[in-house]
Amino acid sequence: MQSTGALEAKKPKLARSNKPLLMKGTSKKMKRHWQLYLLILLPLAYLIIFKYIPMYGAQIAFRDFSPVKGFTGSEWVGLKNFSDFFNSPNFWVLIKNTLIISLYSLAIGFPAPIILALALNEIRSMRFKKAVQMVTFAPYFISTVVMVSMIILFLSPRLGFVDLIVKLLGMESINFMGIPSYFSSIFVLSNVWQGIGYGAVIYLAALAGVNSELYEAAKVDGASRFQKVINIDIPGIMPAAIILLILNVGQIMNVGFEKIFLMQNPLNTSTSEVISTYVYKIGLLGANFSFSAAVDLFNSVINLILLLTVNYFARRVSDNSLW
Amino acid sequence: MNKSIAIRESFGDKFFLFLVYAFLIVVLIIVLYPLIYIVSSSFSSPRAVISGKVWLFPVEPSLAGYRAIFNNPQILTGYANSLFYTFFGVLINVTMTVMLAYPLSKSTFYGRGFIMLLLVITMMFSGGLIPYYLTVKSLGILDTRWAMLLPGALAVWQVIIARTFFQSTIPKELGEAAELDGCTDLGFLWRIVLPLSKPILAVLVLMYAVGHWNAYFDALIFLKSQELYPLQIILRNILILNSIDASMMVDANQMAAMQGLRDLLKFSLIVVATLPVLALYPFVQKYFVQGIMIGSLKG
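Residues numbered from 1 in each chain as written. Chains lettered and ligands numbered in written order. Predicted model: local features only at pLDDT ≥ 70, side-chain atom pairs only at ≥ 80, totals over all residues. Heavy atoms only, no water.

A. Examining the overall build of chain A more closely. Within chain A, the secondary structure is distributed over 18 helices and 2 strands. Rg of the C-alpha trace for chain A: 26 Å, well past the compact-globule value of 20 Å for 323 residues, more than 25% over. Dimensions of chain A, computed from C-alpha atoms along their principal axes, come out at roughly 85 × 70 × 35 Å. Counting all 323 residues of chain A, 49% fall into the buried class. At a minimum sequence separation of 6, the contacts of chain A that also span at least 24 residues come to 62%. As displayed, chain A has an accessible area near 16,300 Å², and 66% of this comes from carbon and sulfur atoms. Counting 28 positive and 15 negative side-chain charges, chain A places the centres of these two groups 15 Å from one another. (Helix = DSSP H or I, 4+ residues; strand = E, 2+ residues; numbered from the N terminus. Rg over C-alpha atoms; globule rule 2.2 N^0.38 Å. Buried < 20%, exposed > 50% of the residue type's maximum accessible area, 1.4 Å probe, protein only. Contact = heavy atoms within 4.5 Å. Areas by Shrake-Rupley, 256 points an atom, 1.4 Å probe, with all protein chains shown as cover. Lys, Arg positive; Asp, Glu negative; His and termini not counted. Charge placed at Lys NZ, Arg CZ, Asp CG, Glu CD.)

Structural data, given as structure tokens:
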């Protein structure tokens, strides 16, 4: 693989020189630029130790891991951990919870920043536009812990302003965080609240790049503002939207551990337990390393397959794809 | 006739624009209100907070919540730890990122396709939590400060952003000229490239810093000793798990007052924990936007 990469990189020169000379040229170049190779040693070591060794260690999913024997010394058990997972009563619950939360996130969280960007793009007053952008971007920088604390505070039946509104409407106090069926909505809507401004940045950039002649032509043709949005703006952001959609779909089984874990409480686990939180609890808290590594690996493989599939279709139906 | 069409259309457009403004104002209020509510509550009295009197502005203004924070050694240690992890974490991050991104930006660098492939693979696939944990454990750095600095020493996305920046802003001729004048690669990087790359360095520093300040996951799985906890873990214990050690309630004797103070403290804590990021917000926003732009060039 290394050698083909090198050949490709040197192709233009290959036309003029023969092979041995090229090899000599490459090693000469490497010698002259030895400092660059020195530079990447440390980052390369990092990649190997913290990314590739764990990847190699993922094989414990097929073993009965014991800390004494290590990644490769533990007994090989084949697909036992996987079949244990598929046959466990938790399997379908986890898959269902994970999919509900992620598809819900995608359905609401993906279009929300697009709508915000399209709306902002209509505004001619730069001050108002800047102000909205500034404010909507801010929640992105709130940490997950603080974000979840805010959710819990606001929704608490004793303290939060949401409760005051509920009472104002003449209803009884509701313990939002304790009701399993509310969990996914709370998760998704708070994500939109936090991420909408950040998500809009990329679309605003795409909109700024739309050829202004298109707008002028539309004006001459008597198009309304709304028609311009539909016929010029939306096609303008399509490439960016498709790329982001591919990336999102490739993460469908990865609903963020950090936020869900913090939002969980004993009352809502029936809908809030997802694969990542399950892996953490079984694996690290329960020290059931091999089994949870298998669950995790299953999850990663599904994600990879989804990413490749969506990318494949995106490339076939449009010109936009990751590669 | 022409005129009437123009008027009709402009009415439709005006109405559409009105809807757009209305929508954005609603969005603005929805995003802004919770933030204002938090800040106003944090400056109110415990009594006003628990009786739900705070709507928009602080009620019975007081600094009781903030005083409670500064009387709590746990929170102060967490704050100091977070500053430590953020400072040294960013130092390591930016150094490592430049060390990898700069060689990768040179078209003459043999093997860069292979290293890019190594990087991209890590973005699409990972070994998972358990092997990651076991690897860190086998290095013997569990429950040490290193566990907060080394496992996240490099972020692939930031390497790609930096590489794209170097490629597009440092002219190739500059490097060739320097080489002819006998300047070494390291000398060129240090004396020419880095001074020209201040914007990207700012992007990297801020992105990594916000990440470190807000992170809690590595601390959750790698740290056991209380005195090493970063602020976010302390926040989790107080805000989410609701466990406050009794020592901080020294000046509150009555149950009711304690409960009020405990609730008030949560609001003040949120403000204090978010303060460093908010203080830098104008820069942070500007450079994050730049980072997203550069990232999307290649993305």
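After that view of the structure, there is still more to cover.
B. Structural detail: the overall build of chain B. Secondary structure summary: chain B contains 15 helices and 0 strands in total. Relative to the 2.2 N^0.38 estimate, which gives 19 Å for 299 residues, the radius of gyration of chain B is 26 Å and therefore markedly larger than a compact globule would have. Its C-alpha atoms put chain B at 85 × 75 × 35 Å along the principal axes. Looking at chain B as a whole, 52% of its 299 residues qualify as buried. Accessible surface computed for chain B: about 14,000 Å², of which carbon and sulfur atoms make up 70%. Computing the positive centroid from 20 side-chain charges and the negative centroid from 14, chain B places the two 6 Å apart.

C. Local environment of the environment of G195(A). In this structure, G195(A) sits in helix 12 (residues 183-208). In sequence terms G195(A) and K51(A) are 144 residues apart; their C-alpha atoms lie 28 Å from each other.

D. Main features of the pattern of salt bridges. Residues and elements named next belong to chain A. Tallying each qualifying case throughout the model produces 3 salt bridges over all chains. The partner of D84 in a salt bridge is K80, with the nearest N and O atoms 3.1 Å apart. Placement of the pair is D84 and K80 together in helix 6 (residues 80-87), with a separation of 4 residues, close to one helical turn. Here E273 and K281 are joined by a salt bridge, their closest N and O atoms 3.1 Å apart. With relative accessibility at 16%, the residue E273 sits in the buried group. Since its relative accessible area comes to 26%, K281 is described here as partly exposed. (Salt bridge = Lys/Arg side-chain N within 4 Å of Asp/Glu carboxyl O.)

E. Seen up close, the UniProt feature "transmembrane region" (unreviewed entry) in chain A. Residue and element names in this part refer to chain A. The UniProt record annotates "transmembrane region" (unreviewed entry) at residues 34-53, 99-120, 140-162, 182-208, 229-253 and 297-314. This span, residues 229-253, is 84% helix and 0% strand, and a straight line between its end C-alpha atoms measures 33 Å. In the segment residues 297-314, helix accounts for 100% and strand for 0%; the C-alpha atoms at its two ends are 26 Å apart. (UniProt positions renumbered as here; feature names shortened; annotations may be inferred.)

F. Structural context of the packing of aromatic side chains. All told, the structure shown has 45 aromatic pairs over all chains when counted by the stated rule. Where F85(A) meets F86(A), the ring centres are 6.0 Å apart and the plane angle is 40°; that geometry is what we call tilted. On the accessibility criterion, F85(A) (1% relative accessible area) is buried. Owing to a relative accessible area of 35%, F86(A) belongs among the partly exposed residues under this scheme. Geometrically, the ring pair formed by F137(A) and Y198(A) is tilted, given 5.8 Å between the ring centres and 50° between the ring planes. One end of the pair, F137(A), is in helix 9 (residues 126-137); the other, Y198(A), is in helix 12, and 61 residues separate them in sequence. You can call F137(A) buried: its relative accessible area is 1%. Grouping aromatic residues by their ring pairs yields a cluster made of F85(A), F86(A), F91(A), W92(A), Y278(A), F291(A) and F298(A). Across from the ring centre of F187(A), 4.9 Å away, lies the NZ or CZ of K259(A), which sits over that ring. Above the face of the F84(B) ring, R145(B) is positioned so that its terminal group lies 4.7 Å from the ring centre. (Phe/Tyr/Trp six-rings, centres within 6.5 Å; stacked < 30°, edge-to-face > 60°. Lys NZ or Arg CZ within 6 Å of the ring centre and 35° of its normal.)

G. A look at helix 13 (residues 231-240) of chain B. All names here are of chain B. Burial within helix 13 is extensive, with 10 of its 10 residues counted as buried. Of the residues making up helix 13, those classed as buried are L231, Q232, I233, I234, L235, R236, N237, I238, L239 and I240. Where helix 13 ends, the next residue or the one after it, N242, has phi of about 65°, a positive value.

H. Representation of the side chain of S300(A). Relative to the elements of secondary structure, S300(A) occurs in helix 18 (residues 289-317). Among the residues examined, S300(A) registers a relative accessible area of 15% and is labelled buried. The residues contacting S300(A), other than those within four sequence positions of it, are F125(B) and S126(B).

I. Quick look at the side chain of S74(A). As for its position among the elements, S74(A) is in the loop between helix 5 (70-73) and strand 2 (75-76). From its side chain, S74(A) meets the backbone nitrogen of S66(A) in a polar contact 3.1 Å long. (Polar contact = N/O pair within 3.5 Å; in protein donor to acceptor, adjacent residues only side chain to side chain.)

J. View of the interface of chain A and chain B. Listed as interface residues are 92 residues of chain A and, on the opposing side, 91 residues of chain B. Buried area between chain A and chain B, summed over both chains or domains, comes out near 8,800 Å², and the portion from carbon and sulfur atoms is 80%. The interface formed by chain A and chain B contains 0 salt bridges. The tally of links from chain A across to chain B stands at 15 residue pairs in polar contact (both at pLDDT 80 or more). It is helix 4 (residues 34-57) of chain A that provides the largest number of residues to the side of chain A that touches chain B, a total of 18 residues. (Buried area = accessible area lost by both parts, 1.4 Å probe.)

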